[in-house]
Number of protein chains: 2
Amino acid sequence: MIDGTQAEYVRVPFAENSVYKVPEGMTDAEGILLSDVLPTGFEMGVQYGRVAPGDVVAVIGSGPVGLSAVMTARLYGPSKIIAIDLDNARLARAADFGATDTVNSADPDWQDQVLALTDGLGVDVAIEAVGVPETFTMATVIVRPGGNVANIGVHGKSVDLALNELWIKNIDISMGLVNTNTLGMLLKLVTEHKLPAEKFVTHEFSFEQILEAYDVFGHAGEHDALKVLIH
Amino acid sequence: MIDGTQAEYVRVPFAENSVYKVPEGMTDAEGILLSDVLPTGFEMGVQYGRVAPGDVVAVIGSGPVGLSAVMTARLYGPSKIIAIDLDNARLARAADFGATDTVNSADPDWQDQVLALTDGLGVDVAIEAVGVPETFTMATVIVRPGGNVANIGVHGKSVDLALNELWIKNIDISMGLVNTNTLGMLLKLVTEHKLPAEKFVTHEFSFEQILEAYDVFGHAGEHDALKVLIH
C-alpha cells in the first residue's frame, strides 16, 4: 500500500496499470493536477451530477476540488455556475476559475440569493465539495425538483437527510471516490489549453525548499496558496 | 384540488390532459392498478434504480408498491429479485409476483442472507418500498459499491445517512413521486398479458358493498387482502 511519497524517483508496483505518459508540451504544473484534483471535481461533481447544457450549477466549497468542478462544469455548457463559500477571497478565485456568480454562505439570505439566480425553484445540479453535514444539507435545500446533488466531499460523520421533504422532489444524490477513467480525455483538454489546469498552482518550490513549501501550504490563507508544487 | 373520489361517475377538470383510454380487452381490475400502483413501483423503483440485465435487485417491503417493483423489475432482465419483508405471508406473495428469493428481515442474519445471494459485495439495486428510516438504512447497507438505492417510500421523518461510510462506495440514491410518463407503455404490456396486473386485486365488491369492502381492506392481514376493487 502506497499512500503517497516525496522523492525525486519512486518505484511504483504495477505502475503500467495506472499511469499515463505526460503528453509533449504539458508542464509539471499541469500534469500534477491531473493525478486526482481535476478528475475528482469532474467525475464526482460534474459527471455524477449529470450537468447538462443550460443547467444552473452550484458548487459549494471553493477549495481545489470545488474549483475543479467549477472549471470542468463549463465543458457541458451550463448557463450559470454559482460558487458558494464562506470566504470572499476564495469566491474571487472561483470567479477566476469560471464561476459566473458567487454567493457568500455567511450571508443570512444566502439561500435566497441562490434561488434568485434560478427561476426560484432551485439549481439543476448542487455539487458539495467540503465534506461536512452542513454543506451537504445546503446542497439538498438549493436543488430544484428533479435536480441532482453530487457529493464530492469526504465525510467523517453521518448526515441528516430530510427524506420527509425530499422524497417528493425526485432528486438524485450521488457520491464517490474518483474513478480516474477520464484521465486520458482530461490530459488532452489540458494539453490543448481547453482547461487551464496551471491556475491551481500558486507557488512553486525546488525539492531543497520542501520545508518552506510545507510552511506556505500550512498557512495557505496568509499566502493565498491553493496548490504548492515541489519540483 | 381533487385527491380522490367514490362515485359511479365523476367530473374531472382537464381530464383530457392526464387520462388514457382503457384499451379493448383490459379489465377494470387491470386498469385500476395502472392509475398509480404499477407505475410507481416501475418508475420510482425500477427505472430510477436503473435496473439492468444481470443485476441482483432487492426490494424492501412487499406491499402493493414493492410488489409492483418486483413484477416490473423483470422487464429489465435482472438475474435475481430478492424480496425482503418482516412477514412470511407477504414474502410468499412476493414470490408469486416474481421474486426469485425471499429474506425475512426479522431474522438476525437477514443482511448475511442477502449478501450470500450476491457475490458477497451486495446488490446492484436496492429498492425501498416502505417509507421509514429503518428500511431506508437497510437499503444503504445491502447495496454494493457502484450500486443504486431507489427510494419509493413516502417518508414522514428525516433519516440518518451514513455518508462517512457511503461516500467512498460510489452509490446513487434516487427518490420521487411517480411521473406516470410510462402509463402508455404499461397499458400495452398489461393488455398483452406481459404484466399480470390483475394479481393485485384479491377482493372485488359492488358499489353497494362499499362498507364491507372497507372492512376487508381495514383488516387486510386477516383477509389476506392486497387491493380491494369496488365496481
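Keep in mind that this is a model prediction, so the values were computed, not measured.

S.K.: Is there a simple way to explain the packing of helix H2 (residues 37-47) of chain B against helix H8 (residues 183-191) of chain B in this structure?
M.R.: Angle between the axes and distance between the axes: these two values describe a pair of packed helices. Residues and elements named next belong to chain B. Contact geometry for H2 and H8: axes closest at 11 Å, N-to-C directions at 115°. It follows from the interaxial angle that H2 and H8 lie roughly perpendicular. Pair H2 / H8 crosses with right-handed handedness. Across the interface between the two elements, Leu38, Pro39 and Phe42 of H2 pack against Leu183, Met185, Leu186 and Val190 of H8. Its residues assigned to classes, the contact of H2 with H8 comprises seven nonpolar, no polar and no charged.

S.K.: Can you walk me through the packing of aromatic side chains in this structure?
M.R.: Two numbers describe a pair of aromatic rings. These are the distance of the centres and the angle of the planes. Residues and elements named next belong to chain A. In the structure shown here, the tally under the stated rule is four aromatic pairs over all chains. Taking the centre distance of 6.2 Å and the plane angle of 15° together, the rings of phenylalanine 42 and tyrosine 76 count as stacked. In this pair, phenylalanine 42 sits in helix H2 (residues 37-47) while tyrosine 76 sits in the loop between helix H3 (64-73) and strand S2 (80-85), placing the two residues 34 residues apart along the sequence. Residue tyrosine 76 is classed as partly exposed on the basis of its relative accessible area, which comes to 30%.

S.K.: How should I be thinking about the interface of chain B and chain A in this particular structure?
M.R.: Frequently, the measure chosen for interface size is the accessible area removed from exposure when the parts meet. Taken together, the 29 residues of chain B in the interface contact 29 residues of chain A. Per-residue buried area on chain B facing chain A is highest for Leu163, Trp167 and Met175 of chain B; these three make up 29% of the total on that side. Here chain B and chain A share two salt bridges between them. Arginine 50 of chain A serves as the salt-bridge partner of aspartate 172 of chain B, at 3.8 Å between the closest nitrogen and oxygen. Taken together, the links from chain B to chain A amount to 15 residue pairs in polar contact (both at pLDDT 80 or more). The set of elements that each furnish at least two residues to the side of chain B that touches chain A consists of strand S6 (159-161), helix H7 (163-166) and strand S7 (172-175) of chain B. The greatest single-element share of the side of chain B that touches chain A, amounting to four residues, is contributed by S7 of chain B.

S.K.: How should the environment of valine 216 of chain B be read in this particular structure?
M.R.: Residue and element names in this part refer to chain B. In this fold, valine 216 is placed in helix H9 (residues 210-218). As for valine 216 and valine 228, which are separated by twelve residues in sequence, their C-alpha atoms are 7.9 Å apart. Excluding anything up to four places from it in sequence, valine 216 contacts His203, Phe205, His223, Ala225 and Val228.

S.K.: What should I look at first to understand the relation of the copies chain B and chain A in this one?
M.R.: Both copies of the chain are related by one operation, a rotation about an axis with a shift along it. Superposing chain B onto chain A takes a rotation of 180° combined with a translation of 0.0 Å along the rotation axis, leaving an RMSD of 0.0 Å. The symmetry that links the two subunits is that of a two-fold axis. When the interface residues of chain B are mapped onto chain A, 100% of them again fall at the interface, so both copies present the same face.

S.K.: Is there a simple way to think about the sheet that holds strand S4 (residues 123-128) of chain A in this case?
M.R.: Strand pairing within a sheet occurs via backbone hydrogen bonds; the two strands may be parallel or antiparallel. Pairing within the open sheet is mixed, and its twelve strands lie in the order S3(A)-S2(A)-S1(A)-S4(A)-S5(A)-S7(A)-S7(B)-S5(B)-S4(B)-S1(B)-S2(B)-S3(B). The open sheet is flanked by strand S3 (101-104) of chain A together with strand S3 (101-104) of chain B, the only strands paired with a single partner. Ignoring which end each strand starts from, the neighbouring axes of this sheet average 15° apart. Sheet analysis places strand S1 (residues 56-60) of chain B next to strand S2 (residues 80-85) of chain B, joined by five bridges and oriented parallel. Directly across from isoleucine 60 of chain B, in S2 of chain B, lies its bridge partner isoleucine 84 of chain B. Here H3 of chain A sits on the sheet and contacts strand S1 (56-60), S2 and S4 of chain A; the angle it forms with S1 of chain A, its principal contact strand, is near 165°.

S.K.: Sorry, what's going on with the pairing of strand S5 (residues 143-151) of chain A here?
M.R.: Put simply, side chains in a regular strand alternate between the two faces of the sheet. Residue and element names in this part refer to chain A. Among the nine residues in S5, seven count as buried, and that is most of the element. Pairing analysis gives five bridges linking S4 to S5, with the strands arranged parallel. From the neighbouring strand, alanine 126 faces S5, where its bridge partner is valine 149. In this view, the connection linking S4 to its parallel neighbour S5 by way of helix H6 (residues 133-142) has right-handed handedness. Note that S5 and strand S7 (residues 172-175) share four bridges and pair parallel. Across the sheet, residue asparagine 148 finds its bridge partner in S7, namely aspartate 172.

S.K.: What exactly am I supposed to notice about the pattern of salt bridges here?
M.R.: Where charged atoms of side chains with opposite charge meet at close range, the side chains can pair. All names here are of chain B. A full pass over the atoms with the stated rule returns 16 salt bridges over all chains. The salt bridge involving aspartate 224 is made with arginine 93; its shortest N-O contact spans 3.6 Å. Here aspartate 224, found in the loop between helix H10 (220-223) and strand S9 (227-230), pairs with arginine 93, found in helix H4 (residues 88-97); they are 131 residues apart in sequence, far enough to count as distant. With relative accessibility at 44%, the residue aspartate 224 sits in the partly exposed group.

S.K.: Before we go on, may I ask you to explain the packing of H3 of chain A against helix H4 (residues 88-97) of chain A in this structure?
M.R.: Residue and element names in this part refer to chain A. It is at 9 Å that the axes of H3 and H4 come closest, and there the two elements cross at 30°. Relative to H4, the element H3 is oriented roughly parallel. Between H3 and H4 lies a crossing of right-handed hand. On the side of H3, the interface is formed by Leu67, Val70 and Met71, while H4 contributes Arg93, Ala94 and Phe97.

S.K.: Can you help me understand a nonpolar patch on the surface in this one?
M.R.: A cluster of nonpolar residues, Phe207, Tyr214 and Ile230 of chain A, forms a patch on the protein surface that exposes about 260 Å² of accessible area. Mapped onto the elements, tyrosine 214 of chain A comes out in helix H9 (residues 210-218).

S.K.: Please explain the side chain of aspartate 55 of chain B as it appears in this structure.
M.R.: All names here are of chain B. If you trace the backbone, aspartate 55 turns up in the loop between H2 and S1. Despite its burial, aspartate 55 pairs with no opposite charge; the closest candidate is arginine 144, at 7.6 Å N-O. Polar contacts involving the side chain of aspartate 55 include one to the main-chain amide nitrogen of alanine 52, which spans 2.8 Å. Leaving out residues up to four positions away in the same chain, aspartate 55 has contacts with Arg50, Pro78, Ser79, Lys80, Asp124 and Val125.

Parameters at a glance
Residues numbered from 1 in each chain as written. Chains lettered and ligands numbered in written order. Predicted model: local features only at pLDDT ≥ 70, side-chain atom pairs only at ≥ 80, totals over all residues. Heavy atoms only, no water. Axes fitted to C-alpha atoms, helices over the stretch in contact; angles between N-to-C directions. Helix = DSSP H or I, 4+ residues; strand = E, 2+ residues; numbered from the N terminus. Parallel < 35°, antiparallel > 145°, perpendicular 65-115°, else oblique. Left-handed = near helix turned anticlockwise from the far one by under 90°. Contact = heavy atoms within 4.5 Å. Nonpolar A, V, L, I, M, F, W, Y, C, P; charged D, E, K, R; others polar. Phe/Tyr/Trp six-rings, centres within 6.5 Å; stacked < 30°, edge-to-face > 60°. Buried < 20%, exposed > 50% of the residue type's maximum accessible area, 1.4 Å probe, protein only. Buried area = accessible area lost by both parts, 1.4 Å probe. Salt bridge = Lys/Arg side-chain N within 4 Å of Asp/Glu carboxyl O. Polar contact = N/O pair within 3.5 Å; in protein donor to acceptor, adjacent residues only side chain to side chain. Least-squares fit on C-alpha atoms with pLDDT ≥ 70 in both. Pairing = 2+ DSSP bridges. Right-handed = clockwise from strand over helix to strand, strands pointing away. Patch = residues over 30% accessible without salt bridge, like charges linked within 9 Å, V, L, I, M, F, W, Y side chains within 5 Å. Areas by Shrake-Rupley, 256 points an atom, 1.4 Å probe, with all protein chains shown as cover. Lys, Arg positive; Asp, Glu negative; His and termini not counted.

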